[in-house]
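A look at the structure
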Amino acid sequence: MDLGELAPVGRCSGSHEVAVDVEKLVVARGNDDREKMAGMYLVWEELTVMLPNIGKKVPTRRLLDGLNGFAEPGRIMAIMGPSGCGKSTLLDSLAGRLPGNVITTGQVLLNGRKRTTLARGPIAYVTQENVLLGTLTVKETITYSAKLRLPSNMSKEEINDIVEATIAEMGLQDCEDRLIGNWHLRGVSGGEKKRLCIALETLTGPYVLILDEPTSGLDTASAFFIVRALRNIAQDGRAVIASIHQPSSEVFALFDDLYVLSGGQNVYFGEAEKAVEFFAEAGFPCPKKRNPSDHFLRCVNSDFDTVNATLIGSRTIPYEMQLSSDPLNDMTTSKIKAMLIEKYEQSKYAERAKAKIRDILLIEGLQIQTKVGSQAAWWQQLCTLTERSFLNMIRDLGYYGVRIFFYMFLAICAGTIFFDLGTSYSSIIARASCDALLGGMMTFLSIGGLPSFIEELKVFHRERLSGHYGVAVYVLSNFLSSTPFLLAMAIGPGSIMYPLVKLRPGFSHFAYLLLDLLCSLAVVEGCMMIVASLVPNFLMGIMIGAGILGITIISSGFYCLLPELPKLIWRYPISYILFGAYAFQGALKNEFIGLEFDPLLPGGPKLKGNDILRNLFGIPLDHSKWLDLSAVFVIFIMYRAIFFIILKLKEIAAPLFQKLNAIRILQQLNDQSRLTKMSSFPSK
Ligand SMILES: Nc1ncnc2c1ncn2[C@@H]1O[C@H](COP(=O)(O)OP(=O)(O)OP(=O)(O)O)[C@@H](O)[C@H]1O
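Criteria and thresholds
- Residues numbered from 1 in each chain as written.
- Predicted model: local features only at pLDDT ≥ 70, side-chain atom pairs only at ≥ 80, totals over all residues.
- Helix = DSSP H or I, 4+ residues; strand = E, 2+ residues; numbered from the N terminus.
- Buried ≥ 20, exposed ≤ 12 C-beta atoms within 10 Å, placed from the backbone.
- Contact = placed C-beta atoms within 7 Å.
- Near = placed C-beta within 6 Å.
- Nonpolar A, V, L, I, M, F, W, Y, C, P; charged D, E, K, R; others polar.
- Core = buried A, V, L, I, M, F, W, Y, C linked by C-beta atoms within 7 Å.
- Pairing = 2+ DSSP bridges.
- Axes fitted to C-alpha atoms, helices over the stretch in contact; angles between N-to-C directions.
- UniProt positions renumbered as here; feature names shortened; annotations may be inferred.

Remarks on the overall build of the protein
A count of helices and strands for the protein gives 25 helices and 14 strands. The burial tally for the protein puts 43% of its 684 residues in the buried class. Within the protein, counting contacts between residues at least 6 apart in sequence, those at least 24 apart form 76% of the total.

Quick look at the environment of leucine 503
Secondary-structure assignment places leucine 503 in the loop between helix H19 (471-501) and helix H20 (507-534). If we ignore the near neighbours within four places in the chain, the residues touching leucine 503 are Tyr498, His509, Leu513 and Glu591.

Digging into the site of the ligand
Every one of the 13 residues lining the ligand counts as a neighbour, but Ser83, Gly84, Lys87, Ser88 and Thr89 are closest to it. With three residues, the top contributor of residues to the shell around the ligand is helix H3 (residues 87-95). Class assignment of the residues belonging to the shell around the ligand gives a composition of five nonpolar, seven polar and one charged.

A few points about the nonpolar core
Ile79, Ile210, Val240, Ile241 and Val523 are the most contacted members of the largest nonpolar core, which has 169 residues in total. Here this core gets 14 residues from one element, more than from any other, and that element is H20. The residues contacting valine 240, other than those within four sequence positions of it, are Ile76, Met77, Leu209, Leu230, Ile233 and Ala234.

So, the pairing of strand S3 (residues 76-80)
Successive side chains on a regular strand alternate, one facing one side of the sheet and the next facing the other. Most of S3 is tucked away, with five of its five residues classed as buried. Neither face of S3 is open: one carries Ile76, Ala78 and Met80, the other Met77 and Ile79, and all of them are buried. Inspection of the sheet shows S3 paired to strand S8 (residues 239-243) by four bridges, in the parallel sense. Bridge pairing in S8 places isoleucine 79 opposite serine 243. Pairing between S3 and strand S9 (residues 257-262): four bridges, direction parallel. By the bridge assignment for S9, alanine 78 is matched with leucine 258.

Considering the sheet that holds strand S1 (residues 42-51)
The four strands are arranged S2-S1-S4-S5 in an open sheet whose pairing can be described as antiparallel. Of all the strands in the sheet, just strand S2 (61-71) and strand S5 (113-114) have a single pairing partner and so form its edges. Across seven bridges, the pairing between S1 and S2 is antiparallel. The residue bridging valine 49 from the neighbouring strand is leucine 64, located in S2. Each of S1 and S2 touches helix H14 (residues 348-362); the most contacted strand, S2, lies at about 65° to it.

What to know about the sheet that holds S3
Sheet architecture is open: six strands sit in the order S6-S7-S8-S3-S9-S10, paired in mixed fashion. Where the open sheet ends on each side, the last strands, each with one partner, are strand S6 (123-126) and strand S10 (265-271). Put simply, the sheet's adjacent strands are angled 15° from each other on average, direction ignored. Together, S3, S6, strand S7 (208-211), S8 and S9 form the strand contacts of H3, whose direction differs from that of S8 by roughly 150°.

Remarks on the UniProt feature "transmembrane region" (unreviewed entry) in the protein
The UniProt feature table records "transmembrane region" (unreviewed entry) at residues 397-422, 434-454, 474-498, 510-532, 538-562, 569-588 and 629-649. Annotation note: span residues 434-454, helix share 81%, strand share 0%, distance between end C-alpha atoms 32 Å. Secondary structure across residues 569-588 comprises 65% helix and 15% strand; the distance between its end C-alpha atoms is 24 Å.

Some remarks on the pairing of S6
Alternating positions in S6 separate into two faces, Ile123 and Tyr125 on one and Ala124 and Val126 on the other, with burial throughout. Where S6 lies against S7, four bridges are found, and the strand directions are parallel. Of the residues in S7, the one forming a bridge with isoleucine 123 is valine 208.

Overview of the environment of tyrosine 512
Inspection of the secondary structure assignment puts tyrosine 512 in helix H20. Note on tyrosine 512: 21 C-beta atoms within 10 Å, which makes it buried. On a C-alpha basis, the gap between tyrosine 512 and serine 88 in space is 55 Å, while along the polypeptide they are 424 residues apart. Among all residues touching tyrosine 512, those that are not within four sequence positions of it are Asn590 and Lys625.

Structure below.
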């Protein structure tokens, strides 16, 4: 099948309408200054990434070893190599997204300046994983992303034009109104998801676009569409770098440059079409009918058998025969790799690359437009984010929908079990049980929303890395969008139980019950957010979350009276920092104070609610129920603040710790190498 004949993507269609749209897109993005766009070069010099193993028996491992290279605007580069050779590590280091356990030396420069400080603006990174909100449609996703980042003074029509043009550019018209889908909802295809991820990153026109395996898991046609769309993006004046696994010859032909890695070392860097020439010169000619990219991979892969077959051309000689006849039959994979690396180092291609890097670094007057992140005002970001989050919460039934239904259902069950309690002697314990049941079940079922929240948090992290909005805006928007659901969860069950159980009559008692439920739910939400921000793994998160909620319920004073809780840990500080004790005490005070109950034996004096609280439940009456409610409210604010601080600290402290750790480890490595008279690591 000739892939070029398949449905076109964006400008490739040659459709006048689409071409005009894309022009609009370029103008609307503010990137009509092509000369400026043409000036963004990414250069990496002596880039080394190490996985230190200080003090352990395993030696320090070099994941990347002194790599040099550059990416030019207007060109698309493929990074190829066998699995585990360091493709993702290279892309992560170019985008400034390396994890904290590795250290980097060498430098990455964008137009001659250090990349790190600018990573969130000019460089966009499309990771291997598609991190999207599955409840939104393709168009909604792009529209919200545009509203979050494009200047606030842009009209609705202008934003819509950009969204339409981006959809056309990535060939997403057919699926623009379909939901993306998640684990329980079948949505758009893998290729469409990947194109959407690329669309989101190109929306504001980054200068360098980095993609980690944009075609993995896709069929040949989908892979072709994506790479062709990327080529169009590159031709708009951007530098595009993509790692790729075994591309078809049609896909490979779309790349301008090729960077072949093996074991973290550079085997070839240069024009993609010249690679065949280099491998032939190095002694590994590509057989005529073979896909060149397959051939390169076979040469650098641990496939001795295949390489030998390659060496003797298209003749298919059995492996046993080669062993006796082929002079190179004693070559091991590492020898082949070492040979290729040496040949490349001495080749004209390496010379050209070095000369080009020198030229790029010498070009004067290359200015970087740093204002490439979000240009929307904070209030616009807040409104957009709140709206998007609300829509996600409505559509994702696992977030609140199922919980609201269960709360109502359980409220009906509890309401009928404790129906018309009255003020008999037996109603004393029943009232307390009813309050504990309501509070306990609401607290515990909140764990159900954790998976949806973890999903949303992943999107937050992706968007934060691209500088979409601030942490404060996110925390506030989450609070605003969840408030209607928290209200529904408090008012729904509260309103069902109140008349059924016939709790204390009077508006103030009813209002207190609802407020107590609302604040308790808000605290539990905050608690779940803290868990999600610290443990971004579903299973672990649910287990830890359930544990904390269980402790909250135990320390609330119902199952073991507050004065009887062991003082160390349980009473101080747990019952004070977890909200359960305040919420339960407030609810009981609301129920009992001022009420009189029948005595155990007929004819005895009435039992006063205040005495019951003090003597039976061990609740001190030195402060009012409203103070208990205020304490729950303060804990709710405190938990949200902790959530904010964790997100902020993770962003600020992580790079700082990474830097300090790198300095310390480099120092230790240098000391070690001095002791063992090994060559030292560069201190850059
Ligand atoms: N942060 C890290 N900690 C420990 N090991 C790492 C880390 N990052 C990368 N590695 C190791 O470095 C090697 C290269 O990993 P990388 O993901 O870059 O390979 P890759 O070429 O992208 O592989 P694939 O094509 O299979 O995705 C692997 O052996 C990997 O286990």
